[in-house]
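Residue strings, one per chain:
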Amino acid sequence: MKPGEILFLTRDDVIALGGRDIAFTTNVIEAMFAAWVQGDVLQPAKTSLKFTDRAANELIGGVVNVLPAAIRVGDDATYGAKLLGAMPANVSQGVPRATGVTVLFDEAHKMPIAIMDAQVLSAMRTGAVSALAARKLCRQNTAEIGCIGAGVNMYTQLLGVLSVLPQVMHVKIYSRGESKRRLTAKLQRKFPQIEFMPVESAHGAAQTADLIVTCVANTSEPVVQMHDVLRPGVTVFNIGCLENEPELLAHMDIIVSDFWEYTKHRGVQTHAVAYARGLIADEDVVNLGAILRGEQRGRMNDEQKIFFGPTGLGAEDIALGRAIYQRALKRGAGTKLTLWSGESWI
């Protein structure tokens, strides 16, 4: 790419380049965590843009999130940001709840080099992080998963965890509307060896599950009761905001975040709320990266109760965007746009 040229990648381009491949995505995200350990990742805090007078009403409020980061590989670095808007009311209008773009800048000139659809990569990197977490936190004999939520991110959650939990035989899915039946049918076609069942309550999804995954859009109230979750050996993946009762955290043997300081900064997820209420302390929370690199232990026995709550990191988006961009250059994919050319404009 010449200075002033930008590679534009549509959603279809991203998919064709492997953006929907959970194995590829998981490998990229695992490499990002390894780079972080080496000091080769810059991870500022996420910024959420929403007017406070509309924040209480999710149907008219919505949010635009900005996730900046940089990742260095050898002498080359990629800088960028994901800009993702989310509006729950979109779904009723037949358009995606969350859409946006990832923008990449190069090392040599600090110029923009790519703009790509973020819709697929954002959801897939979230599932990939859970795949990495499931390897270290779930019981190896996990046979049943209970899901509260049935959107795009729950689909990628299941792509991720099912890729590393081969003994799963049953998956129960609950949502308030018909999305649970659509997701169940889609997954049943993809994984015919597993039984997928829509259920009519969060209680029905969670009560006998070895792994409970909550992933509900913009909730500020728990979506599952503690008595349906709390038992020896359970693993809880809290993907969204305040989806579990904060009191649950006081009973967990291991509590894991992707980046605890970042989670506290946002203050909206279950473990952050538990911390603010004095139910847990800093020393009670372990970062996933420390577990992946062997500095901290994950699950050590089948009786431990484990909670995982990822906030979502811009470094994941930039690492995955970088990998897709490199594939695009090799394959000649995408559309080259000219941002500027010729002499100075002044």
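What comes next concerns the included structure. (Residues numbered from 1 in each chain as written. Predicted model: local features only at pLDDT ≥ 70, side-chain atom pairs only at ≥ 80, totals over all residues. Heavy atoms only, no water.)

With respect to the sheet that holds strand β11 (residues 211-214)
Then, in step 1: The strand order β10-β9-β8-β11-β12-β15-β13-β14 describes an open sheet built from eight strands, whose pairing is parallel. Unpaired on one side and paired on the other, β10 (195-198) and β14 (285-287) mark the two borders of the sheet. The sheet shows a mean angle of 20 degrees between the axes of neighbouring strands, direction not considered.
Then, in step 2: Most of the contacts of helix α4 (residues 152-162) go to strand β8 (residues 144-148), to which it runs at about 160 degrees, and overall it touches β8, β9 (170-174), β10, β11 and β12 (235-238).
Then, in step 3: This element, helix α5 (residues 179-190), spans β9 and β10 of the sheet and lies at about 170 degrees to β10. (Pairing = 2+ DSSP bridges. Helix = DSSP H or I, 4+ residues; strand = E, 2+ residues; numbered from the N terminus. Axes fitted to C-alpha atoms, helices over the stretch in contact; angles between N-to-C directions. Contact = heavy atoms within 4.5 Å.)

With respect to the side chain of D210
Then, in step 1: Take D210: it is sitting in the loop between α6 (202-206) and β11.
Then, in step 2: Separated by 2.8 Å, the side chains of D210 and R139 make a polar contact.
Then, in step 3: Not counting residues within four places of it along the chain, the set of residues in contact with D210 comprises R139, T142, A143, E144, G233, V234 and T235. (Polar contact = N/O pair within 3.5 Å; in protein donor to acceptor, adjacent residues only side chain to side chain.)

As for the packing of aromatic side chains
Then, in step 1: All chains considered together, the criterion is met by six aromatic pairs.
Then, in step 2: Their ring planes at 85 degrees and their centres at 5.1 Å tell us that W36 and F259 sit as a pair that is edge-to-face. Residue W36 is located in helix α2 (residues 22-37), and its partner F259 is located in the loop between β13 (254-257) and α7 (260-266); the two are separated by 223 residues in the primary sequence.
Then, in step 3: Assessed through its relative accessible area of 22%, F259 is described here as partly exposed. (Phe/Tyr/Trp six-rings, centres within 6.5 Å; stacked < 30°, edge-to-face > 60°. Buried < 20%, exposed > 50% of the residue type's maximum accessible area, 1.4 Å probe, protein only.)

Considerations on the packing of helix α1 (residues 11-19) against helix α10 (residues 314-331)
Then, in step 1: Contact geometry of α1 with α10 gives a least axis separation of 9 Å together with a crossing angle of 90 degrees. Here α1 lies roughly perpendicular to α10, going by the angle between them. For the pair formed by α1 and α10, the contact residues are V14, A16, L17, G18 and G19 on the first element and I324, R327, A328 and R331 on the second.
Then, in step 2: Class assignment for the residues of the contact of α1 with α10 results in five nonpolar, two polar and two charged. (Parallel < 35°, antiparallel > 145°, perpendicular 65-115°, else oblique. Nonpolar A, V, L, I, M, F, W, Y, C, P; charged D, E, K, R; others polar.)

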